[in-house]
Amino acid sequence: MADEQELAQSQRQHWQDTYAAHPGMYGEKPSDPAVHAASAFGVVGVKKVLELGAGHGRDALFFAREGLTVQATDFSPVGLEQLRDAARSEGIGQRVTTTVHDVREPLPLPDASVDAVFAHMLLCMALSTKEIHALVGDVRRVLRPGGVFVYTVRHTGDAHHGTGTAHGDDIFEHGGFAVHFFPRELVDALADGWNLQEVHAFEEGELPRRLWRVTQTLSR
């Protein structure tokens, strides 16, 4: 437990320092998973989205430009400040709300209060399997019936899996960033009680990173 807390604290500080040193580090263009998610959200009439691990907000801003109301959370106040500034400068600040939040704690939202949840590479951060299960359970709590959950994770087929500094539980650290690499059975376990719509394999970045984009829904 002490080791998990120490890792969590070091990762929080590392992300704070990274966002401070590299404002807008991921650029203004939305991620491909966010573009896919917006399309999926439009099909079922999503209006209100919760984004977990929004960082400096390239995807949250994209959702807001698409006319959605976005609640953006991250454990980095620095990243969220950059997001708020960008939203104001674009004139979409009224559609974006930010909350500093660590997903190891319960989500700060009422039951059945959002239409969709989006998380690009948040679940595969330095979270234990137990913490990931707890988080997905809380995602289910805040989603309305028929709600959509789209998330992406790096998986065990990634070149970095099994290398670097090992922290146990399929968590390996490279360049100061700790990643929980997902086996397929974890994806299936997290979909228990949901409708698993898709597990799409894709690549991103220069390594390239190998990921799954998972879409699952709640019954109405």
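See above for the structure.
Residues numbered from 1 in each chain as written. Predicted model: local features only at pLDDT ≥ 70, side-chain atom pairs only at ≥ 80, totals over all residues. Heavy atoms only, no water.

Asker: Is there a simple way to explain the pattern of salt bridges in this structure?
Answerer: It is possible for side chains bearing opposite charge to pair when their charged atoms get close. The final tally for this structure, using the stated rule, is 12 salt bridges. Note that Glu 198 is salt-bridged to Arg 213, the shortest N-O span being 2.9 Å. Placement of Glu 198 in strand S9 (residues 195-204) and of Arg 213 in strand S10 (residues 209-217) is noted, with a sequence separation of 15 residues between them. A relative accessible area of 27% means that Glu 198 is categorised as partly exposed. In this structure, Glu 204 engages Arg 209 in a salt bridge whose closest nitrogen and oxygen atoms are separated by 3.3 Å. Here Glu 204 falls in the buried class, since its relative accessible area comes to 16%. Residue classification places Arg 209 among the partly exposed positions, given a relative accessible area of 25%. One network of salt bridges, with partners in common, ties together Asp 102, Arg 104 and Glu 131. (Salt bridge = Lys/Arg side-chain N within 4 Å of Asp/Glu carboxyl O. Helix = DSSP H or I, 4+ residues; strand = E, 2+ residues; numbered from the N terminus. Buried < 20%, exposed > 50% of the residue type's maximum accessible area, 1.4 Å probe, protein only.)

Asker: Would you mind showing me how to read the sheet that holds strand S7 (residues 171-174) here?
Answerer: Where strands meet in a sheet, backbone hydrogen bonds hold them as pairs that are either parallel or antiparallel. Here we have three strands laid out as an open sheet, ordered S6-S7-S8, and antiparallel in their pairing. Every other strand in the sheet has two partners, leaving strand S6 (165-168) and strand S8 (177-180) as the edge strands with one partner each. Strand-to-strand twist in this sheet, taken as the mean axis angle between neighbours without regard to direction, amounts to 25 degrees. Taken together, the four bridges between S7 and S8 define a ladder with antiparallel strand orientation. Among the inter-strand pairings, Ile 171 is bridged to a residue of S8, identified as His 180. (Pairing = 2+ DSSP bridges. Axes fitted to C-alpha atoms, helices over the stretch in contact; angles between N-to-C directions.)

Asker: Is there a simple way to explain the side chain of Thr 73 in this structure?
Answerer: Here Thr 73 shows up in strand S2 (residues 69-74). If near-sequence neighbours (up to four positions away) are discounted, Thr 73 is found in contact with Leu 50, Glu 51, Leu 52, Gly 53, Ala 54, Leu 80, Thr 99 and His 101. (Contact = heavy atoms within 4.5 Å.)

Asker: Mind showing me how you'd approach helix H2 (residues 32-43) here?
Answerer: In an α-helix, one turn spans 3.6 residues; hence positions three or four apart end up facing the same way. In this model H2 runs 17 Å from its N-terminal to its C-terminal C-alpha over 12 residues, within 8% of the 16 Å that 1.5 Å per residue would give. Every buried residue of H2 is accounted for by Pro 33, Ala 34, Ala 37, Ala 38 and Phe 41. Here the buried residues of H2 occupy an arc of 140 degrees about the axis, which is enough to place them on one side. When the buried face of H2 is taken as reference, the exposed residues oriented beyond 90 degrees from it are Asp 32, Gly 42 and Val 43. Remark: Gly 45 follows H2 within two positions and exhibits a positive phi of approximately 75 degrees. (Expected span 1.5 Å × (residues − 1). Arc of directions from axis to C-beta.)

Asker: Even after reading the chapter, I still don't get the nonpolar core, so can you show me in this structure?
Answerer: Across soluble globular proteins, nonpolar side chains have a tendency to be buried as a group. Counting residues in hydrophobic clusters, the biggest one holds 37 residues, and the most contacted among them are Leu 123, Phe 149, Tyr 151 and Phe 182. Put simply, the parts of the chain that give this core at least two residues each are strand S1 (48-52), strand S4 (114-120), helix H5 (129-142), strand S5 (143-154), helix H6 (184-190) and S10. Here this core gets five residues from one element, more than from any other, and that element is H5. Dropping the residues within four chain positions of it, Tyr 151 is found in contact with Ala 119, Leu 123, Phe 182, Val 187, Leu 190, Trp 212, Arg 213, Val 214 and Gln 216. The next biggest cluster of nonpolar side chains, apart from the first, holds 24 residues, and it includes Phe 41, Phe 62, Phe 63 and Val 150. (Core = buried A, V, L, I, M, F, W, Y, C linked by side-chain atoms within 4.5 Å.)

Asker: Explanation requested: the packing of H2 against helix H3 (residues 58-65) in the structure shown.
Answerer: Each pair of packed helices gets described by two things: the angle between the helix axes and the distance between those axes. Where H2 meets H3, the axes come as close as 10 Å, and the angle between the chain directions of the two elements is 30 degrees. The two elements H2 and H3 cross, and the hand of that crossing is right-handed. Every residue of H3 that contacts H2 at Ala 34, Val 35, Ala 37, Ala 38 and Phe 41 is listed here: Asp 59, Phe 62 and Phe 63. Split into classes, the residues belonging to the contact of H2 with H3 amount to seven nonpolar, no polar and one charged. (Left-handed = near helix turned anticlockwise from the far one by under 90°. Nonpolar A, V, L, I, M, F, W, Y, C, P; charged D, E, K, R; others polar.)

Asker: Even after reading the chapter, I still don't get H3, so can you show me in this structure?
Answerer: Within H3, seven of the eight residues are buried, leaving the element largely enclosed by the surrounding structure. For H3, the full list of buried residues reads Arg 58, Asp 59, Ala 60, Leu 61, Phe 62, Phe 63 and Ala 64. Summarising the contacts, the buried residues of H3 are in contact with H2, S1, S2, helix H4 (77-90), strand S3 (96-100) and S4. Gly 67 lies just past H3 and shows a positive phi near 95 degrees.

So yeah, pure geometry; function would need other evidence.
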